[in-house]
Amino acid sequence: MSEERVVTIFGTSHAIEGDGVFEQAMELGGLLAARGCTIANGGYGGTMRAAARGARQAGGQVIGVTCSAFRRAGPNEYVTRQIQTRSLEERLRTLVELGCAYFVLPGGTGTLLELAQVWELKNKGFTPADKPIIIVGDFWDDLIALMEKADPRSSRQLTVAATPLQAAEIFSAWADNRN
C-alpha cells in the first residue's frame, strides 16, 4: 500500500500473554501489518500490547493513543509513535479519526464504549459509510442480537469475522475495492 493506512484495534486491557484473546490480538496485529497497515490502539497492555507486538514482529508501525488522565507510566514497548491525549473522550475521538477501519476484539466496558461510538457514528452517518467495523470472534454476538431487536438495520453496519485471518481478509477485500 503506497500511503499510510491506519487501522484501529479495540479490545481488553486485561488480556495476558498466553490467553486466547492476547494471542488473537497478536495474530491480528501481525496480519494487518503484513498487509501494510499501521496499527492504532490505546497503547497500553492487554490486547493493545499484543496487537502492537504482532505488528512490530511483522515489521509494521504502531500508534499508541494514550491518556494522561489515566496516570499510567507510558505506552508499551512496541509503540513506535505515541499520541498523548488529556481525556478519555479525546483519546477515543483520536482513535476514531485515525482509523480507516475498526477491529473489535473481546473486552469490557471500555471496549463496549469504543464499539458503541464507532457503531453509532456509522449508524447515523457521521463517519464515512464505507469504513468497516469488523468484530473478531463471537464475544459480542449477544449484544449484536440485542441491538438487532431494537433496530434491525443496525447490524448491517458490522461485519463479524470468526478469526483474525478472516478479519484481515475482509479488510483486504475492502481495501482492494477502494483502489
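Since this is a predicted model, take the numbers as computed values, not measurements.

(A) Fine view of the sheet that holds strand E7 (residues 158–161). Strand order in the open sheet formed by 7 strands is E4-E3-E2-E1-E5-E6-E7, and the pairing between neighbours is parallel. The open sheet terminates on both sides in strands that have one partner only, identified here as strand E4 (81–85) and E7. Strand-to-strand, the axes of this sheet are offset by a mean angle of 25°, without reference to chain direction. Across 3 bridges, the pairing between strand E1 (residues 5–10) and strand E5 (residues 102–104) is parallel. Residue pairing in the sheet places Thr-8 in a bridge with Tyr-102 of E5. Helix H2 (residues 47–57) contacts E1, strand E2 (37–41) and strand E3 (62–67) of the sheet and is inclined by roughly 165° relative to E2.

(B) View of the packing of helix H1 (residues 20–34) against H2. Where H1 meets H2, the closest approach of the two axes is 6 Å, and the angle between their N-to-C directions is 35°. Taken as a pair, H1 and H2 cross one another with a handedness that is right-handed. Residues Val-21, Phe-22, Ala-25, Met-26, Gly-29, Gly-30 and Ala-33 of H1 touch H2, and the partners they reach there are Thr-47, Arg-49, Ala-50, Ala-51, Arg-53, Gly-54, Ala-55 and Gln-57. Here the residues of the contact of H1 with H2 sort into 8 nonpolar, 5 polar and 2 charged.

(C) Here's a closer look at helix H4 (residues 109–123). With 15 residues, H4 should reach 21 Å at 1.5 Å per residue; the first-to-last C-alpha distance of 20 Å fits that figure. Taken residue by residue, H4 has Thr-111, Glu-114, Leu-115, Val-118, Trp-119 and Lys-122 as its buried positions. Down the axis of H4, the smallest arc covering the buried residues is 120°, so these residues share one side. Where the residues of H4 are buried, they touch E1, helix H3 (88–98), E5, strand E6 (133–136), helix H5 (141–150) and E7.

Calculation notes
- Residues numbered from 1 in each chain as written.
- Predicted model: local features only at pLDDT ≥ 70, side-chain atom pairs only at ≥ 80, totals over all residues.
- Heavy atoms only, no water.
- Pairing = 2+ DSSP bridges.
- Helix = DSSP H or I, 4+ residues; strand = E, 2+ residues; numbered from the N terminus.
- Axes fitted to C-alpha atoms, helices over the stretch in contact; angles between N-to-C directions.
- Contact = heavy atoms within 4.5 Å.
- Left-handed = near helix turned anticlockwise from the far one by under 90°.
- Nonpolar A, V, L, I, M, F, W, Y, C, P; charged D, E, K, R; others polar.
- Expected span 1.5 Å × (residues − 1).
- Buried < 20%, exposed > 50% of the residue type's maximum accessible area, 1.4 Å probe, protein only.
- Arc of directions from axis to C-beta.

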